[in-house]
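# Geometric and topological summary
Chain by chain, the residues:
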Amino acid sequence: MRYWLMKSEPDDVSIDDLAKMPKQSVAWYGVRNYQARNFMRDQMSVGDGVLFYHSGCAIPGIAGIARVASVAYPDATQFNSRSKYFDPKATQETPRWLNVDVQLVKKINLIPLSELRTHPQLERMRILQRGNRLSITPVDPAEWQFIVAQLASA
DNA sequence: GCCAACGTTGGC
DNA sequence: GCCAACGTTGGC
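As a starting point, this report considers the structure included with it. If you're wondering where the values come from, they're calculated on a predicted model, not measured in any experiment.

A tally of helices and strands in chain A yields four helices and eight strands. Listing each helix as α and each strand as β along chain A from the N terminus yields β-α-β-α-β-β-β-β-β-α-β-α. Relative to the globule expectation of 15 Å for 154 residues, the C-alpha radius of gyration of chain A, 15 Å, shows essentially globular dimensions. Each of the three principal axes of chain A carries a C-alpha extent, and together these read 45 × 30 × 30 Å. Every one of the 154 residues in chain A was classed for burial, and the buried ones make up 47%. In chain A, the proportion of contacts linking residues at least 24 apart, taken out of those at least 6 apart, comes to 73%. Each charge sign in chain A was given a centre, from 19 positive and 15 negative side chains, and these centres are 3 Å apart.

If you want it as structure tokens, here you go:
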């Protein structure tokens, strides 16, 4: 059992969009970074905890709690020439990009990035480090516990 | 819109 | 294998 923070742009898929999906589950398509892909491929298990993070928006922050709902499988968008995630080097036989399914556990009151920064318990979080761009990052169990028990319930 | 940080590409 | 150039991310 591991814990993750996964970024999504709410203009693309927001926490409310996730809540409206069948089974409140969505394929986490569009990851085109090898390190993030490898986290999904090598380290994620069904049931892992996910902090659903809104980025690239007016108030970035943690918008909900989710869970990993599948193992990694080929990301369909890499094969779609009309998709912005199309990858001409990927084939059905040798896909390059993978995704897991992510399922909503609960929407929470947004925990803004600016608030996360105020908690010394969280100062080592990857998301708070300067220059962080990775869209999927591991979260320490202690950080997960603090966020879910102390911040998400507030 | 700006800009710092980072990953990828491609020439050599 | 190095590294400059370029594109992207993402907070502000």
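Attention shifts here to the side chain of Ser 83. Looking at the element boundaries, Ser 83 is found in the loop between strand S5 (73-74) and strand S6 (98-99). Polar contacts involving the side chain of Ser 83 include one to the main-chain amide nitrogen of Tyr 85, which spans 2.9 Å.

So, on to the nonpolar core. Formed by 21 residues in total, the largest nonpolar core has its most connected members in Trp 4, Met 6, Trp 28, Met 44, Val 100, Val 102 and Ile 136. Counting residues per element, the ones that place at least two in this core are strand S1 (3-8), helix H1 (15-20), helix H2 (34-43), strand S3 (49-54), strand S4 (61-68) and strand S7 (101-112). Residues contacting Met 6, with those up to four places away along its chain left out, are Trp 28, Met 44, Val 50, Leu 51, Phe 52, Tyr 53, Val 100, Val 102, Ser 135 and Ile 136. If you look at the next biggest cluster of nonpolar residues, it comprises 20 residues, including Leu 51, Tyr 53, Ile 111 and Trp 144.

Lining the immediate environment of DNA strand C, one finds Lys 7, Tyr 53, Ser 55, Gly 56, Pro 60, Leu 113, Arg 117 and Arg 133. Counting only atoms of DNA strand C within 4 Å of the protein, the fraction found in sugar and phosphate groups is 75%. Within the contact set of DNA strand C, a phosphate oxygen lies 3.1 Å away from a backbone nitrogen or oxygen of Gly 56. One of the side-chain nitrogen or oxygen atoms of Arg 133 is found 2.7 Å away from a base oxygen of DNA strand C. Classifying every residue of the surface near DNA strand C by side-chain character gives three nonpolar, two polar and three charged.

Criteria and thresholds
Residues numbered from 1 in each chain as written. Chains lettered and ligands numbered in written order. Predicted model: local features only at pLDDT ≥ 70, side-chain atom pairs only at ≥ 80, totals over all residues. Heavy atoms only, no water. Helix = DSSP H or I, 4+ residues; strand = E, 2+ residues; numbered from the N terminus. Rg over C-alpha atoms; globule rule 2.2 N^0.38 Å. Buried < 20%, exposed > 50% of the residue type's maximum accessible area, 1.4 Å probe, protein only. Contact = heavy atoms within 4.5 Å. Lys, Arg positive; Asp, Glu negative; His and termini not counted. Charge placed at Lys NZ, Arg CZ, Asp CG, Glu CD. Polar contact = N/O pair within 3.5 Å; in protein donor to acceptor, adjacent residues only side chain to side chain. Core = buried A, V, L, I, M, F, W, Y, C linked by side-chain atoms within 4.5 Å. Near = heavy atom within 4 Å. Nonpolar A, V, L, I, M, F, W, Y, C, P; charged D, E, K, R; others polar.

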